[in-house]
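Spelled out, the chains give:
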Amino acid sequence: TDRLDYTNAMGNNFAYVLAVEKLLGIEVPKRAQYIRVMMAELQRIAAHLIWLGTHALDIGAMTLLLYNFREREDILRIFEEVAGGRLTPTYLRIGGLSKDLPEGIEEKIKAFVQAFPDHVKEYEILLTKNVIWMKRTKGVGIISKEDALSFGVTGPTLRGSGVKYDVRKAFPYSSYEEFDFEIPIGTVGDVYDRYIVRLREMEWSNAIVEQALERLPGGPIIANDPWVTLPPKDDVLNDIASLIRQFKIVSEGFYPPQGEVYASVEASKGELGFYIVSDGSNRPYRFGIRTPSFANLSSLSKMIEGSLIADVIAVIGSIDIVLGEVDR
């Protein structure tokens, strides 16, 4: 799932494991829930940074790209220490995480969280009141909230049109209900509003990461379920537990319950959901993915009605699509 939206690999993993956990009825330990939230919000910031830098570059502002990739690199270094990978880390597991946070990483995350608000101010100095930027984005690519909803648009593109919908608030998962954050929305629904919404979202994501660090609980990072999770590596009875697990699976057999589930997350581009139908075997009977880029891209035709060709570049950039999600 990492490669659907390769700028949001942690979020892709998140939605998938939530769907499988919902099907199997697995309770994820609190520490793992908080770390998932922390990684997902850092990933959201990193994804928005790629969007901001490339979007500005498309319209003619080059400097911002260098700034954005500077901060994104800090996040990727954190991912590399935590998960061993940068672009497609595959860190989450069904039932929890592949491993706990490494020693010293919390201080590095805290340093990033403390420095990031000043970087956002730098971005705003370069763009928010820039006359050329405003002329290229204000009043361009407008889509009303009614049209956005009819196209199935989600994420910052929908919120830019004034619809206050966010999966983290509407259907809280992984303890999001315990975090204090707001949902920024626009009023006009143009390219400029979508830009402002994403800026504010990065600030709130940063605040969520800070809260997760302050309240990070102790305990295990993966569910104690011998059917679907491996025993901890540092468990004294690791070998015995593995043998028992293998014996149970071979002798009794393990099959997931029959039925269908849908689970979604608020990914960087909108609602990302996985739909699984189980017939009781060890493979899904049906497996569907609801990707935000696929639905959001469909609204482009409405946004560019009566526009200049040059404006199309600004409009499609403001949607922030990744073709890996469109193709799935």
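Preceding block: the structure.
Residues numbered from 1 in each chain as written. Predicted model: local features only at pLDDT ≥ 70, side-chain atom pairs only at ≥ 80, totals over all residues. Heavy atoms only, no water.

Draft legend 1. Summary view of the side chain of His 55. Along the chain, His 55 turns up in helix α2 (residues 30–59). Contacts of His 55, omitting those with residues within four sequence positions, involve Trp 133, Val 191, Ala 314, Gly 317 and Ser 318. (Helix = DSSP H or I, 4+ residues; strand = E, 2+ residues; numbered from the N terminus. Contact = heavy atoms within 4.5 Å.)

Draft legend 2. Just helix α3 (residues 63–83), in detail. Between its first and last C-alpha, α3 extends 31 Å over 21 residues, near the 30 Å set by a 1.5 Å rise per residue. For α3, the secondary structure elements touched by its buried residues are α1 (9–24), α2 and α4 (105–127). Just downstream of α3 lies Gly 84, where phi reads positive at about 90°. (Expected span 1.5 Å × (residues − 1).)

Draft legend 3. Fine view of the layout of surface pockets. Size it by volume and the second largest pocket reaches roughly 280 Å³. Every residue lining the second largest pocket is counted, 15 residues in all, and those nearest its centre are Val 20, Leu 23, Pro 256, Asn 282 and Pro 284. The set of elements that each furnish at least two residues to the lining of the second largest pocket consists of α1 and β4 (270–278). Sort the elements by how many residues they give to the lining of the second largest pocket and α1 lands first, with four residues. When grouped by side-chain class, the residues that make up the lining of the second largest pocket number 11 nonpolar, three polar and one charged. (1 Å grid on protein atoms, 1.4 Å probe; cavity = no way out; pocket = protein on both sides within 12 Å on 5 of 7 lines; lining within 4 Å. Points joined across faces, edges and corners; volume = space filled by probe spheres on them. Nonpolar A, V, L, I, M, F, W, Y, C, P; charged D, E, K, R; others polar.)

Draft legend 4. Structural view of the nonpolar core. If you look at the biggest cluster of nonpolar residues, it comprises 69 residues, and the most contacted ones within it are Met 39, Leu 42, Leu 52, Tyr 91, Leu 101, Ile 109 and Tyr 123. Contributions of two or more residues to this core are made by α1, α2, α3, α4, α9 (191–215), β3 (259–267) and β4. Aside from chain neighbours lying at most four places away, what touches Met 39 is Met 10, Phe 79, Val 82, Tyr 91, Leu 101 and Ile 109. (Core = buried A, V, L, I, M, F, W, Y, C linked by side-chain atoms within 4.5 Å. Buried < 20%, exposed > 50% of the residue type's maximum accessible area, 1.4 Å probe, protein only.)

Draft legend 5. Structural detail: the packing of aromatic side chains. Counted under the stated rule, the structure contains 11 aromatic pairs. An angle of 70° between the planes, with centres 5.7 Å apart, marks the rings of Tyr 16 and Phe 274 as edge-to-face. Here Phe 274 lies in strand β4 and Tyr 16 lies in helix α1, a separation of 258 residues in the sequence. Residue classification places Phe 274 among the buried positions, given a relative accessible area of 0%. A ring pair is formed by Phe 274 and Phe 287, whose centres lie 5.8 Å apart and whose planes are at 50°; its orientation type is tilted. Highlighted residues: Phe 274 in strand β4 and Phe 287 in strand β5 (residues 286–290), separated in sequence by 13 residues. In textbook terms, an aromatic cluster arises when at least three aromatic residues are bridged by ring pairs, as seen for Phe 14, Tyr 34, Tyr 173, Tyr 176, Phe 179 and Phe 181. Positioned above the aromatic ring of Tyr 192 is the side chain of Lys 138, whose terminal nitrogen or guanidinium carbon lies 4.7 Å from the ring centre. When the ring centre of Phe 181 is taken as origin, the NZ or CZ atom of Lys 169, which lies over that ring, is 4.3 Å away. (Phe/Tyr/Trp six-rings, centres within 6.5 Å; stacked < 30°, edge-to-face > 60°. Lys NZ or Arg CZ within 6 Å of the ring centre and 35° of its normal.)

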